[in-house]
Amino acid sequence: MRKEYADDLIFNFPDLYRKLRNQDFECDDGWYGLIKELSESINKTSFTRNSSLTGKSYPSILIVKQKFGILRVTFEEEVDEEITLLLKRYSDMSKETCEICGLKGSLQLSKKHSRNIKSLCDSCKQNTGWL
Ligand SMILES: [Zn+2]
């Protein structure tokens, strides 16, 4: 992901991404909006649940990447059910979001990059020569 996008995520969610640097966002720019929305949702549930009363520490993300065409987000510690459901929802959405431009896409198997899968829209499929 381009540096400006990754910097923006780290700037807006400094607690969530306290272990990451901008080069650690290992996917293309099209998922920036998806990751930002996911971060906002996690932020919201974490603020209400992990108050100082419960003594639970604020969640910390260690990995953000594309694997087999799907968004994978890994946390430092085990997360609660609410965050697990959010991760599931957003990884499902990533399958249908072009990783290059963010428009509606679908999973494509690359012949060039053997066994690699990426979600692409029709025009990025044509233009990137990724297939
Ligand atoms: Zn596209």
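In the block above lies the structure referred to throughout.
These numbers were taken from a predicted model, which means no experiment stands behind them.

Cut-off values and rules
- Residues numbered from 1 in each chain as written.
- Predicted model: local features only at pLDDT ≥ 70, side-chain atom pairs only at ≥ 80, totals over all residues.
- Helix = DSSP H or I, 4+ residues; strand = E, 2+ residues; numbered from the N terminus.
- Buried ≥ 20, exposed ≤ 12 C-beta atoms within 10 Å, placed from the backbone.
- Contact = placed C-beta atoms within 7 Å.
- Pairing = 2+ DSSP bridges.
- Core = buried A, V, L, I, M, F, W, Y, C linked by C-beta atoms within 7 Å.

A. Structural detail: the overall build of the protein. Helices and strands together make up the secondary structure of the protein, namely 4 helices and 5 strands. When its helices and strands are written in sequence order, the protein yields α-β-α-β-β-α-β-β-α. For the protein, with 131 residues in total, the buried portion stands at 25%. A sequence separation of at least 24 residues applies to 50% of the contacts in the protein between residues at least 6 apart.

B. Highlighting the sheet that holds strand 1 (residues 25-26). The strand order across the open sheet formed by 3 strands is 1-2-3, and the pairing between neighbours is mixed. Two strands lie at the open edges of the sheet, namely strand 1 and strand 3 (70-75), each paired on one side alone. Relative to strand 2 (residues 61-67), strand 1 runs parallel, the two sharing 2 bridges. Paired with Glu-26 across the two strands is Lys-65, which belongs to strand 2.

C. View of the nonpolar core. With 16 residues, the main nonpolar core has Leu-9, Phe-25, Cys-27, Ile-35, Ile-61, Val-64 and Leu-71 as its most contacted residues. Elements that contribute at least two residues to this core include exactly helix 1 (3-12), helix 2 (32-49), strand 2 and strand 3. It is helix 2 that contributes the most residues to this core, 3 residues altogether. Those residues in contact with Ile-35, other than ones at most four positions away along the chain, are Leu-9 and Val-64.

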